[in-house]
Amino acid sequence: MFLHSSNQGHKEWINEVNFLGVVKHPNLVKLVGYCAEDDERGIQRLLVYELMCNKSLEDHLLTRSASPLPWLLRLKIAQDAARGLAYLHEEMEFQLIFRDFKTSNILLDEDFNAKLSDFGLARQGPTAGLGHVSTSVVGTVGYAAPEYVHTGRLTAKSDVWSFGVVLYELITGRRVLERNLPRGEQKLLEWVKPYVSDPKKFPTILDPRLEEQIDMKSALKLASLANKCLMKHPKSRPKMSEIIEMLGSIIDSASPRDEFVPETDRETEIITEETEESEPGKHENSRKKGFDLRELVMRNRSIGKLDWRNWTPGLVRT
């Protein structure tokens, strides 16, 4: 749920209700309801999303949790997010540019399926015959494409750049901007540059929490894909539908070294309670079983176009 009180927040609230009222896809978060109220505190606006009990990708990837995301699951999350962006860019009757793609806007459900959230800054893409939309520059520092920052010209390839940034965050386990690191390591894209071109140095940038779990060949391929997304000229960057295909190939080639999804805090509590109450010798049966990541990744490999015309969010009355 998100509460906005400023004028800018109100505009973003209206934007999100409008867009989530016409888009529907397994990799976009569902708007359950909303309410609007003006009182002595000012403008009060509330959005209610479906429950995403595993929080955001940022919470798992960029905070030092005890259970880091396994490599194969990171690839699967990237593929889910790519499907969400591809739907917005290529599969609707009008194009929608997300404009604020980042790890905190990728939410994870109970099965770690990824869904894009926060459409407050989304913008309809250029109409037929136009190559871009001219708009004021908004978004998050470090994720916005350079041509958009410098000129205000927005295209779907701006989202592709942001996707490339997130891929490097998946590879390294680092934020795009880390002020508390040495100066030469603070900006993620500048730090990884000298290591990516040298296979011998490449392991230096891998998330150290994965240790030996990471599949080196697939990591190199993912870095290569990230570099394609981060090409200087927007037209040289791949479309999201092409990125989905490349990610599928990377997943197919990845060694299934990590098979289980990390436990959530709630699952850990349940395990502890059940273990304490169970009889000796029954501890094994009380533990929550993990599930095969490769089976999860391969499920529903192709997602077709969905009919969005007849769906509208419900109204939460206050």
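Each residue is numbered by its place in its chain's sequence as written, counting from 1. Totals for whole chains, interfaces and linings use every residue, but because this is a predicted model, local features are given only for residues with pLDDT of at least 70 and side-chain atom pairs only at 80 or more, for both listing and counting. The basis for every side-chain value is the complete set of non-hydrogen atoms in the structure, without hydrogens or water.

Going by the annotation in an unreviewed UniProt entry, the name recorded for the chain is Probable receptor kinase At5g47070, with Olea europaea subsp. europaea given as the source organism.

### With respect to the packing of helix 3 (residues 71–90) against helix 8 (residues 240–253)
For any two helices packed against each other, the geometry comes down to the angle between their axes and how far apart the axes lie. The axes used here are C-alpha line fits, helices contributing only the stretch in contact, and every angle between their N-to-C directions lies in the interval 0 to 180 degrees. The helix count covers DSSP runs of H or I at least four residues long, the strand count covers runs of E at least two residues long, and both are numbered beginning at the N terminus. In contact at an axis separation of 8 Å, helix 3 and helix 8 are set at 160 degrees when each is read in the N-to-C sense. Relative to helix 8, helix 3 is oriented roughly antiparallel. When the axes of helix 3 and helix 8 are compared, the crossing they make is left-handed. Residue-level contacts link Leu72, Leu75, Lys76, Ala78, Gln79, Ala82, Arg83, Leu85, Ala86, His89 and Glu90 of helix 3 to Met240, Ser241, Ile243, Ile244, Leu247, Gly248, Ile250 and Ile251 of helix 8. Throughout this entry, Asp, Glu, Lys and Arg are counted as charged residues, while Ala, Val, Leu, Ile, Met, Phe, Trp, Tyr, Cys and Pro are counted as nonpolar. The remaining residues, Gly among them, count as polar. Split into classes, the residues belonging to the contact of helix 3 with helix 8 amount to twelve nonpolar, four polar and three charged. With respect to orientation, any angle under 35 degrees is reported as roughly parallel, any angle over 145 as roughly antiparallel, any angle of 65 to 115 as roughly perpendicular, and every other angle as oblique. Note on convention: near helix rotated counterclockwise from far helix by under a right angle means a left-handed crossing. Clockwise means right-handed. The criterion used for residue contact is that any of the two residues' heavy atoms lie within 4.5 Å.

### Some thoughts on the packing of helix 5 (residues 156–172) against helix 6 (residues 188–196)
Between helix 5 and helix 6, the least distance of the axes is 11 Å, while the angle of their chain directions is 70 degrees. Our classification of the angle between helix 5 and helix 6 gives roughly perpendicular. Two packed elements cross with a definite hand, and for helix 5 against helix 6 that hand is left-handed. Two secondary-structure elements touch here, helix 5 through Trp161, Val165, Tyr168, Glu169 and Thr172 and helix 6 through Leu188, Leu189, Trp191, Val192 and Val196. Its residues assigned to classes, the contact of helix 5 with helix 6 shows eight nonpolar, one polar and one charged.

### Considerations on the nonpolar core
Put simply, a nonpolar core is a bunch of buried Ala, Val, Leu, Ile, Met, Phe, Trp, Tyr and Cys residues held in one set by side-chain atoms that sit within 4.5 Å of each other. Accessible area is worked out with a 1.4 Å probe on protein chains only. A residue is then buried under 20% of its type maximum, exposed over 50%, and partly exposed in between. Leu88, Phe163 and Tyr168 are the most contacted members of the largest nonpolar core, which has 77 residues in total. Of all the elements, helix 3 adds the most residues to this core, at twelve residues.

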